[in-house]
Amino acid sequence: MNVFFHFQSCSRDYGGIMSVLGSDSWWKKTLYITGGALLAAAAYLLHELLAIRKEQELDSKDAIILHQFSRPKNGVPSLSPFCLKIETYLRMADLPYQNYFDGRLSPQGKMPWIEYNHEQVSGSEFIVDFLEEKLGVNLNKNLTPQEIAVSRAVTKMVEEHLYWTIAYCQWVDNLEETQKLLAMSGPLSDTLKWMLSHLNGGMVRREMYGHGIGRFSKEEVYTLMEKDMRTLATLLGDKKYFMGSKMSTLDATVFGHLAQAMWTLPGTRPEQLIKGELINLAMFCERMRRRFWPEWFVEVEDFYYDGDSESSSGGTPTGLLDFGLFSRTDTLDDSDGSSHSAGRTHTHSPDSDRSLFDSDVGTGSDNDAQFKEESMPDLEV
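Residues numbered from 1 in each chain as written. Predicted model: local features only at pLDDT ≥ 70, side-chain atom pairs only at ≥ 80, totals over all residues. Heavy atoms only, no water.

The next thing to look at is the overall build of the chain. A count of helices and strands for the chain gives 13 helices and six strands. Burial statistics for the chain: of 381 residues in total, 45% are counted as buried. (Helix = DSSP H or I, 4+ residues; strand = E, 2+ residues; numbered from the N terminus. Buried < 20%, exposed > 50% of the residue type's maximum accessible area, 1.4 Å probe, protein only.)

Laid out in C-alpha cells, this is it:
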C-alpha cells in the first residue's frame, strides 16, 4: 500500500515537472537567461579583443580623434549613416583626423564621437557645431538664411525619419545579409557576428517601436521610406549638390544615409529605387564617393540593378546607370561677394554640360577651391 502511494506521489511529481517543462513561459525564461548569458559573454570577449588591439593611450591635443565602428567587409566605410556622415564631413572640410575603431560608445551612449584637446563631443549635429566653433570651418558659409533653414529641415527628415526605415531594412528585414558584412576574424567570428547582429537587430526593433515608426507594418515602413527618398530626389533634381553647385553639410548628411541603400542593401527596395527610378540620387552618391573617398573601390557591377521596376520618368530602370544624365548647375555662379569683386563670372556653354561622374572636378567654384584632393587624410585600418 505504501509502495502504491509512493508511486502515485512520484507520478504526480513527475507530471508536475513535465507540465512545467512543457509550458511556454518556462522555455521562454530559459531562452532569455541563456541568451543573456551568451550575449554577456560575447560582449566581454569583444571588449577583451578590442583591449588587446589598443596599443597606446590617445592624445587628442590639437588632433581630431574620431571614434567609430569598424569598417565592414564590402569596402563601404561604415554601416552607420552617422559615422559615414561625420567622416565625410571631415574630408569635405579638409580637416585632418585619426580614426579609432574601438567600438567604445561616448559617455552619452553615442557613436560616432570625437575627442579634441581632451574634449569629448558626441552627436553628429553637436560635433559639426563644435568643429565650426573651435576650428572656424563652415561648409554652409555660402548658403542664404533660407537655404540654411531648408537644409536643417531636410536634415531632420533624413536623420529622424528616413534613418529608421533604412535601419529597418538593414537590421530587421535583411539581418542575415547585413551580418555577413561585419568584419570580425578568429575562431569565434561567426558566433560573435551572429550574436552582435541579432543584438543590434533587437535594439533597432525596440527603438523603432519607441519612436513610433516601428508600430507600422513592413509595407507601411517601406512606403514611408519611399516617400522620403522621392522627396530627396525632387529636391536634388539635376543639381550637383542639394543646395545647387554649393557644397554644404547637408550633402554629407544625405550621402551617409543614401550610401547604405546604394552599396549595402543589394536587392532591397531602397536599392531598387536609388538605382532605378531615382537615378539622380545614385549619381549624387557616386559623385561624393569619387571626390571624397578615392580609396573606396566600387565594382562596375555595383551600378547594375537586375530588377523589374519601371521608371515613370522614362529613364533606364534596369542595367547600367545612365551615364548621359547631366548636371545643369555646373555653370551657375556660386561665388560669394569677394569673388564678385574680383570680376569672376560664369558663362553658360554647351561644352560645360558634363556627365555627373565628372562634374565635381574642376568646376571652378569658390566652394570647391577649398577642397584639396591631394590632402585626403589617410585611413587607419
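With that out of the way, let us pick up the pairing of strand β2 (residues 97-100). Here four bridges tie strand β1 (residues 64-67) to β2, and the two strands are oriented parallel to one another. Note that in β2 the partner of H67 across the bridge is Y100. Crossover handedness for the path β1 to helix α3 (residues 81-92) to β2: right-handed. (Pairing = 2+ DSSP bridges. Right-handed = clockwise from strand over helix to strand, strands pointing away.)

Taken together, the four strands give an open sheet; going across it, the order is β2-β1-β3-β4, and neighbouring strands pair in mixed fashion. Every interior strand has two partners, whereas the edge strands, β2 and β4 (119-122), have only one. For this sheet the average axis-to-axis angle between neighbouring strands, irrespective of direction, equals 25°. This element, helix α4 (residues 124-135), spans β1, β3 (113-116) and β4 of the sheet and lies at about 140° to β4. (Axes fitted to C-alpha atoms, helices over the stretch in contact; angles between N-to-C directions. Contact = heavy atoms within 4.5 Å.)

This model, assessed by the stated rule, comprises 17 salt bridges. Between E159 and K85 there is a salt bridge whose closest N-O contact spans 2.6 Å. Of this pair, E159 sits in helix α5 (residues 145-173) while K85 sits in helix α3, placing them 74 residues apart in sequence. Both residues of the pair, E159 and K85, count as buried. Between E119 and K134 there is a salt bridge, and its shortest N-O distance comes to 3.3 Å. Taken together, the residues E119 in strand β4 and K134 in helix α4 connect sequence positions 15 residues apart. (Salt bridge = Lys/Arg side-chain N within 4 Å of Asp/Glu carboxyl O.)

Moving on, we come to the side chain of E87. Mapped onto the elements, E87 comes out in helix α3. Polar side-chain contacts of E87 include one of 3.0 Å to the side chain of N99. (Polar contact = N/O pair within 3.5 Å; in protein donor to acceptor, adjacent residues only side chain to side chain.)

The next point concerns the nonpolar core. Ranked by internal contacts, the top residues of the largest apolar core, which has 72 residues, are L131, L232 and F255. Here the element with the most residues in this core is α5; it accounts for eleven residues. Residues within four places of L232 in sequence aside, it is in contact with V154, M157, V158, L162, F242, V254, L258 and L281. (Core = buried A, V, L, I, M, F, W, Y, C linked by side-chain atoms within 4.5 Å.)

So, about unusual backbone geometry. In the segment running from M111 into P112, the intervening peptide bond is cis, with an omega of 5°. One can find P112 in the loop between β2 and β3. Not every positive phi belongs to a glycine, and H118 is a case in point at roughly 65°. Residue position: H118 is located in the loop between β3 and β4. What makes H118 exposed here is its relative accessible area of 58%.

Time to look at the confidence of the model for the chain. Within the chain, residue pLDDT values average 74, and 62% of them lie at 70 or more. Segment residues 51-56: pLDDT under 50, and four contacts once partners within four positions in sequence are set aside and those in other chains are kept. (pLDDT = per-residue confidence, 0-100.)

With that settled, consider the pairing of β4. Pairing of β3 with β4, which is carried by four bridges, proceeds in the antiparallel orientation. Looking at the pairing, W113 lines up with S122 of β4. Linking β3 to β4, which pair antiparallel, is a turn of two residues; within it N117 sits at a positive phi near 50°.

All right, on to the packing of α3 against helix α9 (residues 249-263) then. As a packed pair, α3 and α9 sit with axes 8 Å apart at the nearest point and diverge in direction by 140°. As judged from the angle between their axes, α3 and α9 are oblique. In terms of crossing hand, the pair formed by α3 and α9 is right-handed. In this structure, α3 uses P81, F82, L84, K85, T88, Y89 and M92 to contact α9, whose residues at the interface are T249, D251, A252, T253, F255, G256, H257, A259 and Q260. (Parallel < 35°, antiparallel > 145°, perpendicular 65-115°, else oblique. Left-handed = near helix turned anticlockwise from the far one by under 90°.)

This next bit is on the packing of aromatic side chains. Considering all chains together, one arrives at eight aromatic pairs under this definition. Ring centres 5.0 Å apart and planes at 80° place the aromatic pair F242 and F284 in the edge-to-face group. Of the two residues, F242 sits in the loop between α8 (218-236) and α9 while F284 sits in helix α11 (residues 279-292), which places them 42 residues apart along the sequence. No difference in accessibility class separates F242 from F284, as the two residues are buried. Connected via pairs of aromatic rings, a cluster forms that spans F255, W263, W293 and W296. Across from the ring centre of W293, 3.7 Å away, lies the NZ or CZ of R91, which sits over that ring. Of note, R215 hangs over the ring of Y209, and the distance from its end group to the ring centre comes to 4.0 Å. (Phe/Tyr/Trp six-rings, centres within 6.5 Å; stacked < 30°, edge-to-face > 60°. Lys NZ or Arg CZ within 6 Å of the ring centre and 35° of its normal.)

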